[in-house]
Amino acid sequence: HLRFRRQHTVIILGRTARERNAAMVPPPPARKYGAPLFFCSFAPKSSSDAAEVVLGGGGGASSTGVANRLLLVRVEDNAGVKGGPHKERLESDPASELHTGSVTAVGGTLVPTKDYFIAVLSGGDGLVKYRLKSGEGDKKEFQKIDVADREKLKSFKQAEIKVATSDSTGTHVAVGYSSGKIVVYETGTFREVKSFDPAKHSEVLPEKGGVMNLCYTPCDGKLVVVRDNGTAFVWDHAAKKKTEKKESKKKSEEVAKVPGDGGMYRGCCSFEGGDGSSLFCLGVNGKDRRSKVSMWCVGGRGTGARRLVSRHAHNSAITALAGCSGAEQGRGRLVATACSEGDICIYSADHKMAVLHRVSNAHMIFVTNLAFSPDGRRLVSCSADAGARITNITKTGRQVGMEHNIFLALVALLLALLLSAVRVYLRQ
């Protein structure tokens, strides 16, 4: 009986090892689109059955000879691949493209509840809205949405915008500048709602440092900010104005600096906590070139941030990070990181950042951007190697938790069998 149980256990463990080895098979190569890519997002109103992605990039100045374009690419089944994270891929030929002249799309944000997205252009108009409009033969084309306020358009052209992000309702968009300034605008009109001047918060933050990453917390509308000097903070831009006597207290309540975590912060995403608190994740690049991803909780005004969990991410620096609630499909909260060596890792934020998928050599060089589909079923990534790819999320946090429990049960069973064998031996 003991011999049968041991053999059965070895078979189970062996099957798990084979599955683990199969997951280490090199992924299919990413699709190439002829120019470095810096922006990726799922298209507005993109459905699960007919998914499309928007890619942006190019060679910058026209003197490089590399075209600057926005591309619309459909997702298709990957022939010959049954199931797993590589069952789908991007089509080789874009369904539509728009040349952006001498300016390159370096970032952007999908606007929830709207039929357009916002692109960040290096130079040119700076911040541009695009919608996908059906043309001849139902072919979709990029349509630029003009800004009514010409002075606002002029101010965008004069400033160097680094990043933009929309809130969960699509009513406001936060824009980060290379100077460290942050401005919250109404999405529809680009009317300025509130601005953040780092010079007015020098007692909490160092003045120097441009904005690298931004994300809204879903439950209270705070902004998590990562700067290019490696620091991070939470800005409560909804804090009510107070009298001049209480101005210094107001500043300290508006800004909560995230404590250091042994490296430089890179990338951010946020979720709603189960108790109504705000949770957010940050990538951390250590001095030894290894990186990790950590989850934080920020409470009431002025209470600061508290780290909940941290785990190893890559053996090289994180270059992109994205998150998704995944609530529609019961997938829970998801986080993805990518590194300078082209690897991608997807985690379950509901299970202490347990790894769902790890794709080695997903891209030839560093990954520039990541984005989840709204339903949490897919992840699109792009790279400076001109490649983009789809990674299917086929595991859930619940499955990982179950596998962990099975593993612990098997370990307990093996220990029990070993103790039984020792007792039998000692009796003999």
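(A) Quick peek at the overall build of the protein chain. Counting its secondary structure elements, the protein chain contains 4 helices and 29 strands. Split into buried and exposed, the 428 residues of the protein chain put 48% on the buried side. Long-range pairs, those at least 24 residues apart, make up 51% of the contacts in the protein chain between residues at least 6 apart in sequence. Just so you have it, the protein chain exposes about 21,000 Å², and 51% of that area is on carbon and sulfur atoms.

(B) Looking closely at the pairing of strand 29 (residues 387-392). In terms of residue burial, strand 29 counts as a mostly covered element, since 6 of its 6 residues are buried. Because side chains alternate across strand 29, one face comprises the buried residues Gly387, Arg389 and Thr391, and the other comprises Ala388, Ile390 and Asn392, equally buried. In the sheet, strand 1 (residues 31-32) pairs with strand 29 via 2 bridges, with the strands oriented antiparallel. Across the sheet, the residue bridging to Arg31 is Ala388, located in strand 29.

(C) A look at the environment of Ile346. Counting through the fold element by element, Ile346 comes out in strand 25 (residues 344-348). Assessed through its relative accessible area of 0%, Ile346 is described here as buried. Separated by 10 residues in sequence, Ile346 and Leu356 have C-alpha atoms that sit 5.5 Å apart. Non-local contacts of Ile346, meaning those with residues more than four positions away in its chain, are made with Val335, Ala336, Ala354, Val355, Leu356, His357, Phe372, Leu379, Thr391 and Ile393.

(D) Structural view of the state of the cysteines. Within this structure, the stated rule accounts for 0 disulfides. We note that Cys324 lacks a disulfide partner, and the nearest cysteine sulfur, in Cys269, lies 9.7 Å from it. For Cys324, a relative accessible area of 8% translates into the label buried.

(E) Just the sheet that holds strand 27 (residues 367-372), in detail. The 4 strands are arranged 1-29-28-27 in an open sheet whose pairing can be described as antiparallel. Both outer strands of the open sheet, strand 1 and strand 27, are each paired with one neighbouring strand and no more.

(F) Expanded view of the packing of aromatic side chains. Under the defined criterion, the tally for this structure stands at 7 aromatic pairs. Ring centres of Tyr185 and Phe190 lie 6.2 Å apart, and the angle between their planes is 75°; on these two criteria the pair is classed as edge-to-face. Of the residues examined, Tyr185 reaches a relative accessible area of 3% and is grouped as buried. The rings of Phe39, Phe117, Tyr130 and Phe142 are connected pair by pair, giving a single aromatic cluster. Residue placement shows Lys129 over the ring face of Phe190; its charged tip is 4.7 Å from the ring centre.

Conventions and cut-offs
- Residues numbered from 1 in each chain as written.
- Predicted model: local features only at pLDDT ≥ 70, side-chain atom pairs only at ≥ 80, totals over all residues.
- Heavy atoms only, no water.
- Helix = DSSP H or I, 4+ residues; strand = E, 2+ residues; numbered from the N terminus.
- Buried < 20%, exposed > 50% of the residue type's maximum accessible area, 1.4 Å probe, protein only.
- Contact = heavy atoms within 4.5 Å.
- Areas by Shrake-Rupley, 256 points an atom, 1.4 Å probe, with all protein chains shown as cover.
- Pairing = 2+ DSSP bridges.
- Disulfide = S-S within 2.5 Å.
- Phe/Tyr/Trp six-rings, centres within 6.5 Å; stacked < 30°, edge-to-face > 60°.
- Lys NZ or Arg CZ within 6 Å of the ring centre and 35° of its normal.

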